[in-house]
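Notes for the structure review
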2 protein chains.
Amino acid sequence: MARRHIQARERLLEAARDVVRAKGFSATSIDDLCRSAGVTKGAFFHHFRSKEDLGVEAARFWAETTSELFANAPYHQPADPFDRLIAYLEFRKLLLAGEVPEFTCLVGTMVQETYDSAPAIRQACDATITGHAMTLVPDIQAAMAACGVTGTTAESLALHTQAVLQGAFIMAKARGSAEIAADTIDHLIRYIRLLFNTPTPEEIRQ
Amino acid sequence: MARRHIQARERLLEAARDVVRAKGFSATSIDDLCRSAGVTKGAFFHHFRSKEDLGVEAARFWAETTSELFANAPYHQPADPFDRLIAYLEFRKLLLAGEVPEFTCLVGTMVQETYDSAPAIRQACDATITGHAMTLVPDIQAAMAACGVTGTTAESLALHTQAVLQGAFIMAKARGSAEIAADTIDHLIRYIRLLFNTPTPEEIRQ
DNA sequence: AATTACATACCAACCGGTCGGTATGTTTGG
DNA sequence: CCAAACATACCGACCGGTTGGTATGTAATT
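Procedures and definitions
Residues numbered from 1 in each chain as written. Chains lettered and ligands numbered in written order. Predicted model: local features only at pLDDT ≥ 70, side-chain atom pairs only at ≥ 80, totals over all residues. Heavy atoms only, no water. Helix = DSSP H or I, 4+ residues; strand = E, 2+ residues; numbered from the N terminus. Buried < 20%, exposed > 50% of the residue type's maximum accessible area, 1.4 Å probe, protein only. Contact = heavy atoms within 4.5 Å. Areas by Shrake-Rupley, 256 points an atom, 1.4 Å probe, with all protein chains shown as cover. Lys, Arg positive; Asp, Glu negative; His and termini not counted. Charge placed at Lys NZ, Arg CZ, Asp CG, Glu CD. Salt bridge = Lys/Arg side-chain N within 4 Å of Asp/Glu carboxyl O. Disulfide = S-S within 2.5 Å. Buried area = accessible area lost by both parts, 1.4 Å probe. Polar contact = N/O pair within 3.5 Å; in protein donor to acceptor, adjacent residues only side chain to side chain. Nonpolar A, V, L, I, M, F, W, Y, C, P; charged D, E, K, R; others polar. Phe/Tyr/Trp six-rings, centres within 6.5 Å; stacked < 30°, edge-to-face > 60°. Lys NZ or Arg CZ within 6 Å of the ring centre and 35° of its normal. Axes fitted to C-alpha atoms, helices over the stretch in contact; angles between N-to-C directions. Parallel < 35°, antiparallel > 145°, perpendicular 65-115°, else oblique. Core = buried A, V, L, I, M, F, W, Y, C linked by side-chain atoms within 4.5 Å.

Some details on the overall build of chain A
For chain A, the helix and strand inventory stands at twelve helices and zero strands. Each helix and strand of chain A, ordered N terminal to C terminal, gives the series α-α-α-α-α-α-α-α-α-α-α-α. In terms of overall dimensions, chain A has a C-alpha envelope of 60 × 35 × 35 Å along the principal axes. Relative to its full complement of 206 residues, chain A shows a buried share of 57%. Sequence-distant contacts, at least 24 apart, represent 65% of the contacts inside chain A between residues at least 6 apart. Accessible surface, chain A as shown: approximately 8900 Å² in total, 51% of it carbon and sulfur. Looking at chain A, you have 21 positive and 25 negative side-chain charges, and the mean spots of the two groups are 6 Å apart.

Laid out in structure tokens, this is it:
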């Protein structure tokens, strides 16, 4: 039965992605994951040494799948790096669809519960977030050079975009709605337009 | 023994504030809280119907104590509402002292774990965050009128500041350092200066 | 034949919550 | 003024269920 080959591991990682985003890492039991993945505990401990190990692997799995999503996304099409940066943020707004657990960030959720008690998970989450932020740096750097923006660095601005997105997710969870998240991304877009001195007049001011 | 009078409830709320910020809500057991507060389980269930009830009360306790802190803070001194807004954000940067669990937000931590499973906690956290944001609205509104800022609302901008702060805390947890949080607040300050068209030239650009 | 990929059965520790009880006020009726 | 009646604040043993994790067995793949 080649169909079952290595299937349990991936099904467990997908279950972790879905269940942890809804219930959080600590509140998600190994039995929850096995039930959701349709496998047994034996399968779980065949593929993962511990729950903490699953957390690390889930963060890596998240990094893999999302980086694939972003690599194939249409926001790379614009010729101008600044336009690509704006297109990226508009794309992040487009992703705010469905229920809250469906569009929020797995690693942002996990790191908040584990940063003090599970260093390996913290590190994996940090690598995932920072790694994604760094994919934005070349475009930001080029746009900064083109527009003559100084006073900050491309790395700092890239990390700031991720901070705003993480904050947007928390607000969406508190409000129980994606609206506030889109609104806060709009503020981020407005900031970047102002910083690069290319505001769209009708949507900024006066 | 009047010394022990009514003390247990407050000690448990303080323990919740400290332990939950470090370990998260789900990972914090009632026994953890009792141990940290130096009381017994009997005392816990005398004052709180359930763990969820404690979560709600902890959010309210957080709202009370922090609103007292902010009410007495020096950022209200500037005569100009815009300057007060900037002073508020500088004050938030000053609060980023000590270890990560000491400066992060209790309700931001709690709501991420409970928004789907404990509606009462979600609501209490939302009320706390939104309530604090609304204290900023009068100054933002006055500053917007004075500077002629349009294209957004004072409420939206106030909520955005809280989103950025929450995101800053997540990044600090991921990185294990407050530095990134201060950096992202600086971006927020830069945004607000640009939006209100009163940049400090040397710290913005050119 | 050996390794991989699971399934089943089980365990000790821990979980949130209950319950009978005690010590210390506070109210009230004579 | 005092004592019975009641309320509040707290104690800690205990309960059934769940937890992360293990030990052992078995079927499929190589």
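As for the pattern of salt bridges
Residues and elements named next belong to chain A. What the rule picks out here adds up to 26 salt bridges over all chains. Ionic pairing is found between Asp31 and Lys41, a salt bridge with its closest N-O pair at 3.7 Å. Taken together, the residues span a long stretch of sequence, with Asp31 in helix H2 (residues 30–37) and Lys41 in helix H3 (residues 41–47) at a distance of ten residues. You can call Lys41 partly exposed: its relative accessible area is 42%. The partner of Asp139 in a salt bridge is Arg84, and the shortest N-O contact between them spans 2.9 Å. Here the residue Asp139 occupies a position in helix H9 (residues 137–147), and Arg84 occupies one in helix H5 (residues 81–94), the gap between them amounting to 55 residues. Salt bridges sharing partners connect three or more residues here, namely Arg9, Glu57 and Arg60.

Remarks on the state of the cysteines
Residue and element names in this part refer to chain A. Counted by the stated rule, this structure contains zero disulfides over all chains. In this model Cys105 remains outside any disulfide bridge; the closest cysteine sulfur is found in Cys125, 7.9 Å from its own. Residue Cys105 is classed as buried on the basis of its relative accessible area of 10%.

Observations regarding the interface of chain A and chain B
Taken together, the 54 residues of chain A in the interface contact 53 residues of chain B. Taking both partners together, chain A and chain B bury about 4700 Å²; carbon and sulfur atoms supply 55% of that area. Our count for the chain A to chain B interface comes out at two salt bridges. Of the charged contacts in the structure, one is a salt bridge between Asp126 of chain B and Arg175 of chain A, with a shortest N-O distance of 3.1 Å. The tally of links between chain A and chain B comes to 20 residue pairs in polar contact (both at pLDDT 80 or more). The element that contributes the greatest number of residues to the side of chain A that touches chain B is helix H10 (residues 154–175) of chain A, accounting for 15 residues. The residue makeup of the side of chain A that touches chain B, split by class, is 23 nonpolar, 19 polar and twelve charged.

Side note on the packing of aromatic side chains
Residues and elements named next belong to chain A. Within this structure, the stated rule accounts for 19 aromatic pairs over all chains. Both rings, one in Phe70 and one in Tyr75, keep their centres 6.4 Å apart while their planes meet at 65 degrees; by these two values the pair is edge-to-face. With relative accessibility at 7%, the residue Phe70 sits in the buried group. Using a relative accessible area of 7% as the deciding quantity, one classes Tyr75 as buried. The rings of Phe70, Tyr75, Tyr88 and Phe91 are connected pair by pair, giving a single aromatic cluster. The ring of Phe25 carries the charged tip of Lys51 above its face, separated from the ring centre by 4.6 Å.

Some thoughts on the environment of Leu188 of chain B
Relative to the helices and strands, Leu188 of chain B resides in helix H11 (residues 179–195). Remark: the alpha-carbon pair of Leu188 of chain B and Asp139 of chain B, spanning 49 residues in sequence, is separated by 16 Å. In contact with Leu188 of chain B, not counting residues within four places along its chain, are His160 of chain A together with Leu89, His160, Thr161 and Val164 of chain B.

Observations concerning the packing of helix H4 (residues 51–71) of chain B against helix H8 (residues 119–134) of chain B
Residue and element names in this part refer to chain B. Two elements in contact, H4 and H8, have axes whose closest approach is 8 Å; the angle formed by their N-to-C orientations is 10 degrees. Here H8 runs roughly parallel to H4, going by the angle between their axes. Mapping the contact onto sequence places Glu52, Gly55, Val56, Ala59, Trp62, Ala63 and Phe70 in H4 and Pro119, Ala120, Ile121, Ala124, Cys125, Thr128 and His132 in H8. Tallied by class, residues from the contact of H4 with H8 come to ten nonpolar, three polar and one charged.

Focus on the nonpolar core
Formed by 153 residues in total, the largest nonpolar core has its most connected members in Met110, Ile192 and Phe196 of chain A together with Met110, Ile192 and Phe196 of chain B. In contact with Ile192 of chain B, not counting residues within four places along its chain, are Phe82, Leu85, Ile86, Leu89 and Thr161 of chain B.

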